[in-house]
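Understanding the architecture of this molecule
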Amino acid sequence: MTLHIKFKLYASLGDYLPAGSHSHTAEIEIDETATPHQIIERYRVPREQAHLILLNGVYLRPDQRDQPVFKDGDAFAIWPPVAGG
């Protein structure tokens, strides 16, 4: 079964979104068995740059990122590490 989700990449990660994306967001189709790490790999986002990963605004722990967690209409957002001080 195919799911439709919103894939959001922020800051420097926005360069990895597919052409035609708007406001840091792309509407993508995924298989219902897709995992967060598979989506990250599909769009060639370096794993070490995928620091903060949220599903519908809720933090995905590292142990949740290799299992299917998506439902149709979900929002999957990723931020890179933030530096500053």
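So, here is what we can say about the structure in this document.

Quick notes on the rules
Residues numbered from 1 in each chain as written. Predicted model: local features only at pLDDT ≥ 70, side-chain atom pairs only at ≥ 80, totals over all residues. Heavy atoms only, no water. Salt bridge = Lys/Arg side-chain N within 4 Å of Asp/Glu carboxyl O. Buried < 20%, exposed > 50% of the residue type's maximum accessible area, 1.4 Å probe, protein only. Helix = DSSP H or I, 4+ residues; strand = E, 2+ residues; numbered from the N terminus. Contact = heavy atoms within 4.5 Å. Phe/Tyr/Trp six-rings, centres within 6.5 Å; stacked < 30°, edge-to-face > 60°.

Looking now at the pattern of salt bridges. Tallied over the full model, the rule gives two salt bridges. Ionic pairing is found between Glu-41 and Arg-47, a salt bridge with its closest N-O pair at 2.7 Å. Judged by its relative accessible area of 47%, Glu-41 is partly exposed. By relative accessible area, which is 40% here, Arg-47 ends up partly exposed. Close ionic contact of Asp-63 with Arg-61 constitutes a salt bridge, the shortest N to O distance being 3.0 Å.

Moving on, we get to the environment of Leu-9. Along the chain, Leu-9 falls in strand 1 (residues 2-9). Linking Leu-9 and Pro-80, residues 71 residues apart in sequence, is a C-alpha distance of 8.6 Å. Ignoring anything within four residues of it in the chain, the contact list for Leu-9 reads Gly-14, Tyr-16, Leu-17, His-24, Val-45 and Ile-78.

A full pass over the atoms with the stated rule returns four aromatic pairs. Both rings, one in Phe-7 and one in Tyr-43, keep their centres 5.1 Å apart while their planes meet at 40°; by these two values the pair is tilted. You can see Phe-7 sitting in strand 1 and its partner Tyr-43 sitting in the loop between helix 1 (36-42) and strand 3 (52-55), a full 36 residues away along the chain. Grouping residues by exposure puts Phe-7 and Tyr-43 together as buried. Aromatic side chains Tyr-10 and Trp-79 sit 4.4 Å apart centroid to centroid with 5° between the ring planes, which places their arrangement in the stacked category. One end of the pair, Tyr-10, is in the loop between strand 1 and strand 2 (25-31); the other, Trp-79, is in strand 5 (residues 75-79), and 69 residues separate them in sequence. Under the relative-accessibility criterion, Trp-79 is labelled partly exposed at 26%. By the ring-pair criterion, three or more aromatic residues cluster together here, those being Phe-7, Tyr-43, Phe-70 and Phe-76.

This part covers unusual backbone geometry. A positive phi angle is found at Ser-23, which is not glycine, with a value near 55°. Looking at where Ser-23 falls in the secondary structure, it is placed in the loop between strand 1 and strand 2. Even without being a glycine, Arg-44 presents a positive backbone phi close to 60°. Counting through the fold element by element, Arg-44 comes out in the loop between helix 1 and strand 3. Classification of Arg-44 as exposed rests on a relative accessible area of 70%.

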